[in-house]
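Here is what each chain is made of, one letter per residue.
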Amino acid sequence: MAMTLGVVALTGCGVSKDSGSTSEASKSPAASTVVSPAASKADKVTINFMHSWPAGSFKQQNAVLTRIIDDYQKANPNVTVKTEVLENEQYKSKLKVLSASNQLPDVGFTFAAGFLEPYVKGDLFEPLDDVLNNKLKDKFVSGTTEAYAVNGKTYGLPVELNIVPVYYNKAIFAKNNLQVPKSYDEFLNVVKTLSNNNVVPIALGNKDRWTGSLWYMYMANRVGGNDPLKKAIARTGSFEEPSLIQAAKDVQGLVDLNAFNKGFNGLSYDEGKSEFMNGKAAMYLMGTWELPSFTTNPDVPKEFKDNVGFFKFPAVNGGKGDINSWVGGPGAGLFVAKNSTVKAEAKKFVEYFVDQWGKVAVTEAGVIPATKVDTGTVKLPQLYIDLLNELNNASNITLFADVQMKPSAAETHLNMIQALFGKAVSPEEFAKKHEEALDKAAKE
C-alpha cells in the first residue's frame, strides 16, 4: 500500500559542516541513459544547481543526488549540471545574498511558507505548476506541495518529508534500568535518573538555534495543543498566551535539571549530534532525515545502530496536546529561478530529479520523500517501517516555527530560543519579544 498522509507541514533543515562542488561520475546505474540524436546535437546548456546536502554529513543523500545528476547528463549530453554545495546556514545566507542582486542559481533548494514567501514576493522564483501537473501529478503525498504554494501558484517541489522523534540509546537505558517514557513526568524521571548517574540525558547543539526550537515547539504543543502557536504566528492569537509562556518555563526547567550536554548553546548541530552518535548522551531529538545515520550508513558502527530506538514526545499531564501530534513536514524543495537563462531545461531537470529521487530516496538514501512510497515493495530497516507507520497515523504535524514565520520574526524567534536555553531571558520576556517581532513582521 502506498504511504499517504492527510496532514503535513514544513520542516526545518538538516545541517552539516562539509561542502563541495560539481558531481562525480557514478558507477551505479539508475534511470535509462539512452541518448537521442536530437539531444546529442542540441545546443550546449549549463544548469547551475545549488544545494545543502554536503557529502560529509549527508553522505547517502549526496551520493544519490550525484548519481541522478550523472544519469541526467548521460541522457542529455548537451546538458552540464554544475553544482555548488554548502552547509545549511551558509546556504541560506548565500541564497539571500544572491537574491539581492537577482543572481540566483538556475535550480536550488528552498523551504516552505515563511522562507519561500520573500523570494516569491520579489519575483525571484518561477511558478512550477506546469511541471507539477505534467508527469508528477498525483505522485506527491497529499498536502506537501500546498506548503510551497503562494496565492494559488506552486513555487517549489518538495523532495523530503520528515517528522521529529526522540531517539534513544537502548543500551544506556538498559544499563540505568530505564523504560521508554509515556508521560512527561516519566520523561523527567528518566532525565533525573541519568543525570544522577553522571550520564548526559540529552544531546543538543544549539548554536544553530532551530535545534532548540524543536524542544520549545513540542512543549508548546503538549501544553496548549495544536492551536496556540499556530494562531500566534498567524496573528489570530497572541504569543503571550499562557500555554506558550508555560512551554518556555518547561524548557528552562529542563536546563535546570542539567538535561543537556555541557556547552550546548555554543555547539553546532554536528557537534551536538556527535554526543549521541558517540554514546555520550542517552537521547536526541531530531528529524527523520537522520535515519541513514542510525540504520544504513556504513561508516557508523553496527553496535551503535542496533542500539537506536525512538519514542514519541511524551504527553503532559493536564495538557491539551496529543501524543500522536508531531513536529515535522515537507523539507527541502527545488526551485527554478525566474530569471534563469535556461529555464525550460531547468524545469525538465527538476521534473526528472523529483521523479527519480522518489523512486530510490528511502532504499538508497534513507530519506522519506515527499512523493508516495509503496512500502509493500521496498525492503526497509525496522526503524523506517515504524516511523512510516507513525507518519501515517499522525493526528497533526506542527510546522517548524522558524519556517512558518517571516524572516525577520524567524530571526527573533531563533535568537530568543538561544536566550531562553541560556536563561538570558525570562519566559515572559521570551513571549513579549515574539509578540513584538510578529506584529512588526505582519506590517512589513
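Conventions adopted
Residues numbered from 1 in each chain as written. Predicted model: local features only at pLDDT ≥ 70, side-chain atom pairs only at ≥ 80, totals over all residues. Heavy atoms only, no water. Buried < 20%, exposed > 50% of the residue type's maximum accessible area, 1.4 Å probe, protein only. Helix = DSSP H or I, 4+ residues; strand = E, 2+ residues; numbered from the N terminus. Pairing = 2+ DSSP bridges. Expected span 1.5 Å × (residues − 1). Arc of directions from axis to C-beta. Contact = heavy atoms within 4.5 Å. Salt bridge = Lys/Arg side-chain N within 4 Å of Asp/Glu carboxyl O. Core = buried A, V, L, I, M, F, W, Y, C linked by side-chain atoms within 4.5 Å. Axes fitted to C-alpha atoms, helices over the stretch in contact; angles between N-to-C directions. Parallel < 35°, antiparallel > 145°, perpendicular 65-115°, else oblique. Left-handed = near helix turned anticlockwise from the far one by under 90°. pLDDT = per-residue confidence, 0-100.

A. Geometry of the pairing of strand E12 (residues 308–311). Burial along E12 is two-sided: the residues Val308 and Phe310 and Gly309 and Phe311 are all buried. When strand E9 (residues 166–169) meets E12, the two strands line up antiparallel, connected through 4 bridges. The residue bridging Asn169 from the neighbouring strand is Val308, located in E12.

B. Just helix H3 (residues 88–100), in detail. Relative to the 18 Å expected for 13 residues at 1.5 Å per residue, H3 spans 19 Å between its end C-alpha atoms, a close match to the ideal helical length. Within the sequence span of H3, burial applies to Asn88, Tyr91, Lys92, Leu95, Leu98 and Ser99. In an axial view of H3, the angular spread of the buried residues amounts to 130 degrees, which keeps them on one side of the axis. Opposite the buried face of H3, by more than 90 degrees, sit the exposed residues Lys96, Val97 and Ala100. Looking at the buried side of H3, the elements it contacts are strand E2 (45–51), strand E4 (107–110), helix H4 (117–121), helix H8 (210–224), strand E14 (333–336) and helix H16 (401–404). Once H3 ends, the next one or two residues include Asn102, with phi positive near 55 degrees.

C. Structural context of the pattern of salt bridges. Summed over all chains, the structure comprises 18 salt bridges. Between Arg67 and Asp71 there is a salt bridge whose closest N-O contact spans 3.9 Å. Of the two residues, Arg67 and Asp71 are both situated in helix H2 (residues 59–75); the distance of 4 residues between them amounts to about one turn of the helix. For Arg67, a relative accessible area of 6% translates into the label buried. Taken together, the shared-partner salt bridges in this structure form one network comprising Glu126, Asp130, Lys343 and Lys347.

D. Structural context of the nonpolar core. Membership of the largest hydrophobic core comes to 150 residues, with the highest contact counts inside it found for Trp215, Tyr216, Phe239, Phe260, Met283 and Trp357. With 11 residues, helix H14 (residues 343–365) is the single largest residue contributor to this core. Beyond its immediate chain neighbours, meaning those up to four positions away, Trp215 contacts Phe187, Ile202, Leu204, Val251, Leu254, Phe260, Leu285, Phe313 and Phe421.

E. Here's a closer look at the packing of H8 against helix H10 (residues 242–256). The N-to-C vectors of H8 and H10 enclose an angle of 130 degrees; their axes lie 8 Å apart at closest approach. Comparing the axis directions of H8 and H10 gives the class oblique. Considering the relative orientation of H8 and H10, their crossing is right-handed. Here Trp215, Tyr216, Met219, Ala220, Val223 and Gly224 of H8 come into contact with H10, specifically with Ser243, Leu244, Gln246, Ala247, Ala248, Asp250, Val251 and Leu254.

F. Geometry of the sheet that holds strand E15 (residues 396–398). Read from one edge to the other, the open sheet built from 3 strands follows the order E8-E13-E15, with strand pairing classed as mixed. Edge positions in the open sheet fall to strand E8 (161–163) and E15, since each of these has one partner strand only. The sheet shows a mean angle of 45 degrees between the axes of neighbouring strands, direction not considered. H8 contacts strand E13 (325–330) and E15 of the sheet and is inclined by roughly 130 degrees relative to E13. Against the sheet, helix H15 (residues 382–392) touches E8, E13 and E15, its axis set at about 90 degrees to E8.

G. Quick peek at unusual backbone geometry. At Asp138, a residue that is not glycine, the phi angle is positive and equals roughly 70 degrees. Mapped onto the elements of the fold, Asp138 is located in the loop between helix H5 (129–132) and strand E5 (149–150). Within the chain, Arg209 stands out as a residue other than glycine whose phi angle is a positive 75 degrees. Within the element layout of this structure, Arg209 appears in the loop between strand E10 (200–203) and H8.

H. Spatial organisation of the confidence of the model for the protein chain. Mean pLDDT over the protein chain stands at 88; residues scoring 70 or higher make up 90%. The low-confidence segment residues 1–40 (pLDDT under 50) makes 134 contacts with residues lying over four places distant or belonging to another chain.

I. Main features of the sheet that holds strand E11 (residues 281–285). Overall, mixed pairing links the 4 strands, which are arranged E10-E11-E9-E12 in an open sheet. Unpaired on one side and paired on the other, E10 and E12 mark the two borders of the sheet. Sheet twist, expressed as the average angle between the axes of neighbouring strands with direction ignored, equals 30 degrees. Pairing of E10 with E11, which is carried by 3 bridges, proceeds in the parallel orientation. Along E11, the bridge assignment pairs Ala203 with Tyr284.

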